[in-house]
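As a plain string of letters, each chain reads:
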Amino acid sequence: MVELLRILSRATAKPYRTKHLEVEERPYLNEDGHVDFKPGDVENPHNWSTARRWYVTVCSVLLVVNATFASSAPSGCFPSVSEEFHVSEEVAGLIITLFLLGYCAGPLVFAPLSEFYGRRWIFYSTFLLYIAFNFLCAFAPNFGSLLVGRFFTGTFVSAALSNSPGVLADLWDPIERGNTMAVFSCMVWVGPALGPVVGGFLQLTKNWRWSFYVLLWFGGATVIPMFTIPETFGPIILVHRARRIRKAKIPGYENVKAPVEESDRTLLGIYKVALTRPWIILFDTISFLCAIYMSVVYMLLYMLFSIYPIVFQQRRGWNAGVGELPLIGTVVGAVIGSVIVLIDSNHKNKKIQSGTPMKPEDRLTLAVIGGIGFPITMFWFAWTAEFSSIHWAVPTVAGVFLATSLMLIFVGFLNYLVDSYLMYAASAIAVNTVCRSAAGAAAPLFTNYMFDALGVGGGGSLIGGVAAVLALIPLAFYKYGERIRVRSRFAPTAPKKVNDEEAQRTEDDEKKPRGDENPSQLLETSSTTTEEGETELRIENQDGDNQKALGELKDENVKFARQ
């Protein structure tokens, strides 16, 4: 086992080899006497070269593409699945439903494990299990075994979706992270759109098993760069350093520990918080309405994989391969959306660096734009797709801007959740992921019935009408969000406590603007929001009810929540 660890360690893309690190005579300790990163520390991922950090980022995003591509790839092969196992195409849609239900379970299981054991080994173990269960899917002897395989592949590969943002937070500071998060968000949408295109051509020329062969080949090719991903989670890196120092038996440092080791945390305690806190936060006003809106968005994303075949195959007579090609328009839309996200991120970063104060509601600009565009593009798509006499390019272009709108809503609300809940953001995002994955899982089960009954125009109009109503949510949050957060039990908006020195100031002095005050500023990221000092200050200002309801947060758990 030790030799295996050494072999895997050699392959990682870190700028050093552990055996070459020399233990200093006076190891660097923080003010609490714990092992910590010193300025310019080579073991701190933030200090690695830009090229190396981008390489690790690309490897992590490649795992995400596997996850999102696998979620929809078999959707183009429903007819052959239905024929071989003698089930209806709606029942065949369960292979998508079970995969997305695995998405619901995965984040609640693997996010706490990554906090306890680090990112690297969670990636290794879960992705290898994902490949193993893909073999069960590819060679499934009956429909039941195929469904079991799909559920477990969805569960294990969801670790990449929940842990990759954490890797980006480990590597990039908040100002730099906007670019990488734009790439990550784009891949979350591109993967599902490409899956049916590949599956459609395989349905035309081969059969449904070939879609899983492709997933196995893609996953096998990804394993090689995956094994080069080093450990990036700072607390775990410090644990390894502390163990090396203790092993070296340096006088005066025999019992030195990393901050994580000093706490009394246990895996059971982490799971107790991780499995209860998200459901408490779900029913907070902001979290609840965001979950509803994003569930509709995610549901529509997976409905499109059934709607496009109705429009272009059933109504226009295209074959299973060519009939899926218009979905590439949604890929273009995702790319356009990521460019808009990138521009918006850079704009907000410049405002932050110039000292302009920002509120969480300032993150809603993208969601407002997407919320307005969603019903418009949905009506555009529905009624141009209803009539075969209209050129196919018209609904395809509508799909481009529909995908852009959906992505802007998605990114805008994720950023708003993080900025609103700060150290509770991990729980808010986790329960949001469960809700939207469950909604997406339901999409293949009713979409065909809905559009057979209402037609493309009627069904699309129903979705567009719901979208028009939901568009009020980001507008309401933009105007009244701050008042809602003040009343929230979980959104940390409490003002700073006045210390003794401030209490002695005269009333006139307090009315004067003080130039030394630094207003709270929200940093650009979809996985962390404030500088560490500001976050810890806000934590101290939480009232006792929050701590009783959600459980006490240890220092290392705060850092994890911010990711």
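Quantities reported herein were computed from a predicted structural model and do not represent experimental measurements. Within each chain, residues carry numbers counting from 1 in the order of the written sequence. Whole-chain, interface and lining totals are the exception, using all residues; otherwise, since this is a predicted model, local features are given only for residues with pLDDT of at least 70 and side-chain atom pairs are given and counted only at 80 or more. Note that the side-chain values use all heavy atoms of the structure and ignore hydrogens as well as water.

**Q** How should the overall build of the chain be read in this particular structure?
**A** Within the chain one finds 23 helices and zero strands. Each residue gets one of three labels from its accessible area relative to the maximum for its type: buried under 20%, exposed over 50%, partly exposed in between, using a 1.4 Å probe on protein chains only. Buried positions account for 57% of the 563 residues belonging to the chain. In what follows, a contact means two residues having at least one pair of non-hydrogen atoms within 4.5 Å. Relative to all contacts within the chain whose residues are 6 or more apart in sequence, the contacts with residues 24 or more apart total 82%. For accessible areas, the Shrake-Rupley method is used with a probe of radius 1.4 Å. Any residue's cover is judged against the shown protein chains and nothing else. Element-wise, carbon and sulfur atoms account for 62% of the exposed surface of the chain, whose accessible area totals about 23700 Å². Every helix listed is a DSSP run of H or I at least four residues long, and every strand listed is a run of E at least two residues long, numbered separately from the N terminus.

**Q** Teacher, can you tell me more about the pattern of salt bridges here?
**A** Charged atoms that come close allow side chains of opposite charge to pair. Here, a salt bridge means any Lys or Arg side-chain nitrogen found within 4 Å of an Asp or Glu carboxyl oxygen. Tallied over the entire structure, the rule returns 10 salt bridges. The salt bridge involving Arg 241 is made with Glu 43; its shortest N-O contact spans 2.8 Å. Of this pair, Arg 241 sits in helix α10 (residues 234-248) while Glu 43 is found in the loop between α1 (2-11) and α2 (50-72), placing the two residues 198 residues apart along the sequence. Across the pair Arg 209 and Glu 84 runs a salt bridge, and its minimum N-O distance is 2.7 Å. Pair noted here: Arg 209 is in helix α9 (residues 209-226) and Glu 84 is in helix α3 (residues 78-85), with a separation of 125 residues, a long-range link. Here Arg 209 falls in the buried class, since its relative accessible area comes to 16%. For Glu 84, a relative accessible area of 34% corresponds to the partly exposed category. Salt bridges sharing common partners tie together Asp 41, Glu 43, Arg 241 and Arg 244.

**Q** I tried to follow helix α15 (residues 365-385) on my own but got confused; where do I start?
**A** Working note: α-helix, 3.6 residues per turn, so residues spaced by three or four point in the same direction. The end-to-end C-alpha distance of α15 is 30 Å, a good match for the 30 Å that 21 residues give at a rise of 1.5 Å each. Remark: the principal bend of α15, roughly 25°, maps to Phe 374, with a proline, Pro 375, within the next four residues. The length a helix should cover is 1.5 Å for every residue beyond the first. Axes are fitted to the seven residues ending at a residue and to the seven starting at it; the angle between these axes is taken as the bend at that residue.

**Q** Just checking my understanding: could you explain the packing of helix α8 (residues 177-205) against helix α13 (residues 285-314) for this structure?
**A** Two packed helices can be described by the angle between their axes and the distance between those axes. The interhelical angle for the contact between α8 and α13, taken along N-to-C directions, is 20°, at an axis separation of 9 Å. Here α13 runs roughly parallel to α8, going by the angle between their axes. For α8 against α13, the interelement crossing comes out right-handed. Only Val 297, Leu 301, Tyr 302 and Phe 305 of α13 make contact with α8, whose side of the interface consists of Trp 189, Pro 192, Ala 193 and Pro 196. Broken down by class, the residue content of the contact of α8 with α13 amounts to eight nonpolar, no polar and no charged. Note on method: axes are straight lines fitted to C-alpha atoms, helices fitted across the in-contact stretch only, with angles between N-to-C directions ranging 0 to 180 degrees. If an angle is under 35 degrees, it is roughly parallel; if it is over 145, roughly antiparallel; if it lies from 65 to 115, roughly perpendicular; otherwise it is oblique. Whether a crossing is left-handed or right-handed is set by the direction in which the near helix is turned from the far one by less than a right angle, anticlockwise for left-handed and clockwise for right-handed. By the convention adopted, Pro, Cys, Tyr, Trp, Phe, Met, Ile, Leu, Val and Ala count as nonpolar, Lys, Arg, Asp and Glu as charged, and the other residues, Gly among them, as polar.

**Q** What am I meant to see in the packing of aromatic side chains here?
**A** Remark: the centre distance and the inter-plane angle together describe each pair of aromatic rings, the angle taken between the planes. Here the aromatic set is Phe, Tyr and Trp, taking the six-membered ring for Trp, and pairing holds for ring centres within 6.5 Å; pairs whose planes are under 30 degrees apart are stacked, those over 60 apart are edge-to-face, and all others are tilted. A complete count under the given rule lists 30 aromatic pairs for this structure. A connected cluster of aromatic rings, assembled from ring pairs, spans Phe 110, Phe 133, Phe 151, Phe 152 and Phe 156. Charge over a ring is defined by NZ of Lys or CZ of Arg lying within 6 Å of the ring centre and within 35 degrees of the ring normal. Between the NZ or CZ atom of Arg 53 and the centre of the ring of Trp 172, over which it lies, the distance is 4.4 Å. One Lys or Arg, Arg 436, reaches over the ring of Tyr 298 and ends 5.6 Å from the middle of that ring.

**Q** Can you help me understand the side chain of Ser 80 in this one?
**A** Mapped onto the fold, Ser 80 is located in helix α3. By relative accessible area, Ser 80 is classed as buried at 11%.

**Q** What's the story with the nonpolar core in this structure? I'm lost.
**A** The nonpolar side chains of soluble globular proteins are, as a tendency, buried together. Put simply, buried Ala, Val, Leu, Ile, Met, Phe, Trp, Tyr and Cys residues joined by side-chain atoms within 4.5 Å make one nonpolar core. The biggest cluster of nonpolar side chains holds 117 residues, and the ones touching the most others in it are Leu 146, Trp 189, Tyr 293, Leu 300, Phe 374 and Phe 413. Ranked by residue count, the leading element in this core is α13, at 17 residues. Among all residues touching Tyr 293, those that are not within four sequence positions of it are Gly 371, Phe 374, Ile 409, Phe 413, Ala 467, Leu 470, Ala 471, Ile 473 and Pro 474.

**Q** So what exactly am I meant to see when it comes to the environment of Ile 292 here?
**A** Residue placement: Ile 292 occurs in helix α13. For Ile 292, a relative accessible area of 33% corresponds to the partly exposed category. In the structure, Ile 292 is positioned 178 residues away from Leu 470 in sequence and 8.7 Å away in space, judged by C-alpha atoms.

**Q** Is there a simple way to explain the packing of helix α5 (residues 94-117) against helix α7 (residues 143-171) in this structure?
**A** Put simply, α5 and α7 touch, their axes get as near as 6 Å, and they point 40° apart. Taken together, the axis directions place α5 and α7 in an arrangement best described as oblique. Taken as a pair, α5 and α7 cross one another with a handedness that is right-handed. Of the residues belonging to the contact of α5 with α7, the class tally is 18 nonpolar, nine polar and one charged.

**Q** Explanation requested: the environment of Ile 286 in the structure shown.
**A** In this fold, Ile 286 is placed in helix α13. As for Ile 286 and Ile 473, which are separated by 187 residues in sequence, their C-alpha atoms are 9.5 Å apart. Apart from the residues lying within four places of it in its own chain, the contact partners of Ile 286 are Tyr 416, Leu 417, Ser 420, Tyr 421, Phe 477, Ile 484 and Arg 485.

**Q** Sorry if this is basic, but what is going on with unusual backbone geometry here?
**A** Of all residues except glycine, most have a negative phi; of all peptide bonds, most are trans. Even without a glycine there, the phi angle at His 86 is positive, about 60°. Note on placement: His 86 falls in the loop between α3 and α4 (89-92).

**Q** Teacher, can you tell me more about the confidence of the model for the chain here?
**A** Where the model shows low pLDDT, its predicted coordinates should not be examined in detail. As a per-residue quantity, pLDDT reports the predictor's confidence and falls between 0 and 100. For the chain, mean pLDDT is 80; residues scoring 70 or higher make up 82% of the total. Predicted confidence for residues 494-563 stays below pLDDT 50, and this span has 133 contacts to residues more than four positions away or in other chains.

**Q** Before we go on, may I ask you to explain α9 in this structure?
**A** Spanning 18 residues, α9 covers 25 Å between terminal C-alpha atoms, matching the ideal 26 Å at 1.5 Å per step. Regarding α9, the residues found buried are Arg 209, Ser 211, Phe 212, Tyr 213, Val 214, Leu 215, Leu 216, Gly 219, Thr 222, Val 223, Pro 225 and Met 226. The inward-facing, buried residues of α9 contact α2, α3, α6 (119-138), α7 and α8.

**Q** Any chance you could explain a nonpolar patch on the surface here in plain terms?
**A** Residues with no salt bridge and a relative accessible area higher than 30% make up the patches, which join like charges within 9 Å and nonpolar side chains (Val, Leu, Ile, Met, Phe, Trp, Tyr) within 5 Å. On the surface, a nonpolar cluster with roughly 860 Å² of combined accessible area is contributed by Leu 194, Phe 201, Leu 204, Val 322, Leu 325, Ile 328, Val 332, Ile 336, Trp 380, Val 394, Val 397 and Phe 401. When contributions to the nonpolar patch are tallied by element, the ones reaching two or more residues are α8, α14 (328-353) and α16 (393-421). Take Leu 204: it is sitting in helix α8. Overall, the relative accessible area of 42% leaves Leu 204 in the partly exposed class.

**Q** It is not clear to me how the environment of Arg 436 should be interpreted in this structure. Could you clarify?
**A** Among the structural elements, Arg 436 can be located in helix α17 (residues 425-470). A C-alpha to C-alpha distance of 8.0 Å links Arg 436 and Ile 292, two positions 144 residues apart in sequence. In this structure Arg 436 touches Met 294, Ser 295, Tyr 298, Phe 410 and Leu 414, once residues within four positions along its chain are discounted. Two N or O atoms form a polar contact when they lie within 3.5 Å of each other; inside protein one atom must be a possible hydrogen donor and the other a possible acceptor, and for residues adjacent in sequence the pair counts only when both atoms belong to side chains. One polar contact links Arg 436 to Asn 432, side chain to side chain, over a distance of 2.8 Å.

**Q** I tried to follow the state of the cysteines on my own but got confused; where do I start?
**A** The bond known as a disulfide is covalent and runs between the sulfur atoms of two cysteines. Disulfides are defined as pairs of cysteine sulfur atoms found within 2.5 Å of each other. One pass over the full model with this rule turns up zero disulfides. In this structure Cys 104 is a free cysteine whose sulfur lies 8.3 Å from that of Cys 435, the closest cysteine sulfur available. Judged by its relative accessible area of 11%, Cys 104 is buried.

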